[in-house]
Amino acid sequence: TDSRRRRAGGGGERLLSARRVMDREYEAEPDSLAGEQTWPTEAELAAARPAPPGARGDDDDYQRGWTGALDAESDAEGESDGEGGAAMGQAMGGYSDDDEAMDADEEAAAEEDDGAARRAYLQQRAARDEDAKFPDEVDTPVDVAARVRFARYRGLASLKSSPWHPRENLPPEYGRVFHFEHWPTLQRQALKEQAVDEPPEGRAPAGSYVRLQLRVPRRFVELYGAEGGVGQAGEAAAPLVLSSLNTHENRLAVLHFTLSLTAAAEAAELVLRGKAPLVLQAGFRRYAARPIFSEDNRRSTKHKLERFVQPGRQVVATVYAPAMYAPCPLLAFLPDGEALRATPQLAGLPVASGALLSVDADRIILKRILLTGAPFRCHKKKASVRWMFFSPDDVRWFKPVELHTKFGRKGHIRSSLGTHGYMKCYFDGTMQQHDTVCMSLYKRAFPKWSGPFSYECE
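Here we summarise the structure given alongside this text. (Residues numbered from 1 in each chain as written. Predicted model: local features only at pLDDT ≥ 70, side-chain atom pairs only at ≥ 80, totals over all residues. Heavy atoms only, no water.)

Quick look at the overall build of the protein now. Per the secondary structure count, the protein includes ten helices and 19 strands. The long-range share in the protein, meaning contacts at least 24 apart out of those at least 6 apart in sequence, stands at 76%. Put simply, the protein shows about 27500 Å² of open surface, and 51% of that area lies on carbon and sulfur atoms. (Helix = DSSP H or I, 4+ residues; strand = E, 2+ residues; numbered from the N terminus. Contact = heavy atoms within 4.5 Å. Areas by Shrake-Rupley, 256 points an atom, 1.4 Å probe, with all protein chains shown as cover.)

Following this line, the structure appears as structure tokens:
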């Protein structure tokens, strides 16, 4: 924006130096050809040919890290219809007076909405408790092949040491954000340059009055008026807050915040699910977002997705938002909707708090699913496992993925057994009949785009 400063009682106007005015490039320009694949060369075709049995020792480390390009899913989340207040609405609609009947219908509709919100809240709380008791466990569908249902998931030999390229299979939204190599170093350099390059005469003295002339969007004028403080209809508007931006703080990026539930939210038994709408107050900025949550692990380059914010635990919330300098506190509020109707005591109160952790588009967040099976016949290190798959084709498809048990054993699939998805497995120790056989599959998760964060001037 074009801005001018004028001291109270001063004679002339002061224009900001062109060197200190940042450009308006808020979003990065997506490269439409970034995801294109060129025709492979002869050398690439030769390298892609399958190696003969026993020759996998020639593969590179990155190829050995993937133990199979496995399976995907599309999470379909059902919503309850809410039919609790229908009978009441029909009963109250029979008054002779039309006004009273209309009021009764409105009350019945409101009670129906409240009942639906309450039922949805109870379902989400039950899902959160189940996730805390059995984290990441999912059921293999019987009517759909597992290799089709989980097509986007992959098996990893080790979550900690297996490589995962941060620029692989990125969504289109990542073409609109800026990728910074190391944000803390960039922040230190920018603050140092601003302290050195900013001349003293370019600053307004403390306690003085200044007048700003801004070029703003038309919607802004409708809300605040041409001079601010009063809307177009004449009613009083909210106070207008202006804040200066540091270098690169006008760039759209991927931000990560530490987050934990407040005492009021824990007392109200609030359920915060990933990608649920929230209103975030980060510093002087306030915007709507749909964050995803991951574990707060500072010792690894890959972080496991958390489906819920469990009470008493700290997670990392990831959102698309303008870049910010640390330290930057964060407050999260509930928007108007089912969550607020289910917990009306949290209206206007922060439900979570935290601070800025990093600005990094290359932070890898992996969603894990856990397929489980039951051993029904054990002999020393061998076991026959059922109920993990229901097709011999799925058993052969997932055969390269490593198995583990809840008692700490590790093993692999040897062969399929029969036509109902049973399989023979071999482990590194003696198996027990009451153990549970697990298979971990991963796919990368990204935050959900929540709309524009700025408006262009007309």
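Attention shifts here to the environment of Gly421. Mapped onto the fold, Gly421 is located in the loop between strand S17 (410–417) and strand S18 (422–427). Between the C-alpha atom of Gly421 and that of Val385, which follows or precedes it by 36 residues, the distance is 8.8 Å. Discounting chain neighbours no more than four positions away, the residues touching Gly421 are Val385, Phe389, Phe390, Ser391, Pro392 and Val395.

Once that is clear, we can look at the packing of aromatic side chains. A full pass over the atoms with the stated rule returns eight aromatic pairs. Ring centres 5.2 Å apart and planes at 75° place the aromatic pair Tyr174 and Phe446 in the edge-to-face group. Here Tyr174 is found in the loop between strand S5 (154–156) and helix H6 (183–197), whereas its partner Phe446 is found in the segment after strand S19 (437–444), with 272 residues between them in sequence. The pair Tyr174 / Phe446 is uniform in exposure class, with both members buried. Look at Tyr320 and Trp449: their rings are 5.1 Å apart centre to centre, the planes differ by 50°, and that puts the pair in the tilted class. With a gap of 129 residues between them, Tyr320 in strand S11 (residues 315–322) and Trp449 in the segment after S19 connect regions that are remote in the sequence. One aromatic cluster is present, formed by Tyr174, Tyr320, Phe446 and Trp449 through successive ring pairs. Above the plane of the ring of Phe178 lies Arg251, whose end atom (NZ or CZ) is 5.1 Å from the centre. (Phe/Tyr/Trp six-rings, centres within 6.5 Å; stacked < 30°, edge-to-face > 60°. Buried < 20%, exposed > 50% of the residue type's maximum accessible area, 1.4 Å probe, protein only. Lys NZ or Arg CZ within 6 Å of the ring centre and 35° of its normal.)

Now for the nonpolar core. The tendency in soluble globular proteins is for nonpolar side chains to be buried side by side. Judged by nonpolar contacts, the single largest core of 38 residues is most densely connected at Leu255 and Tyr287. Those elements that provide at least two residues to this core are H6, strand S6 (252–261), strand S7 (278–282), strand S8 (285–289), S11, strand S12 (329–333) and strand S13 (352–359). At five residues, the largest contribution of residues to this core is made by S6. One finds Phe398, Met423, Phe427 and Leu441 within the second-largest nonpolar core, a separate group that totals 21 residues. (Core = buried A, V, L, I, M, F, W, Y, C linked by side-chain atoms within 4.5 Å.)

So, on to the pairing of S18. A one-sided burial pattern is seen for S18, the buried positions being Met423, Cys425 and Phe427 and the unburied ones Tyr422, Lys424 and Tyr426. Relative to S18, strand S15 (residues 382–386) runs antiparallel, the two being bridged by four bridges. Counterpart to Val385 in the pairing with S18 is Met423. Relative to S18, S17 runs antiparallel, the two being bridged by six bridges. Following the sheet pairing, Ile413 is matched in S18 by Cys425. Between the antiparallel neighbours S17 and S18 lie four residues, among them Gly418 with a positive phi of about 80°. (Pairing = 2+ DSSP bridges.)

Bringing the environment of Lys424 into the picture now. Within the secondary structure, Lys424 sits in strand S18. Along the sequence, Lys424 and Arg377 sit 47 residues apart, while their C-alpha atoms lie 9.6 Å from each other. Not counting residues within four places of it along the chain, the set of residues in contact with Lys424 comprises Ala383, His412, Ile413, Arg414, Ser415 and Leu417.

Glancing now at unusual backbone geometry. A cis geometry characterises the amide bond from Ala326 onward to Pro327, with omega recorded as 0°. Position of Pro327 relative to the elements: it lies in the loop between S11 and S12. For Glu269, which is not glycine, the phi torsion reads 55° and is therefore positive. Looking at the secondary structure, you find Glu269 in the loop between helix H8 (263–267) and S7. Judged by relative accessible area, Glu269 falls into the partly exposed class, the value being 38%. Its identity is not glycine, yet Lys275 carries a phi of approximately 70°, on the positive side. As for its placement among the helices and strands, Lys275 is situated in the loop between H8 and S7. For Lys275, a relative accessible area of 42% translates into the label partly exposed.

Moving on to the pattern of salt bridges. By the definition in use, this model includes twelve salt bridges. Among the salt bridges present, the one from Arg313 reaches Glu306, with a minimum N-O distance of 3.4 Å. Glu306 gets classed as buried once you look at its relative accessible area, which sits at 7%. By sharing partners, the salt bridges in this structure join Asp136, Lys304, Glu306, Arg307, Arg313 and Arg368 into a single network. (Salt bridge = Lys/Arg side-chain N within 4 Å of Asp/Glu carboxyl O.)

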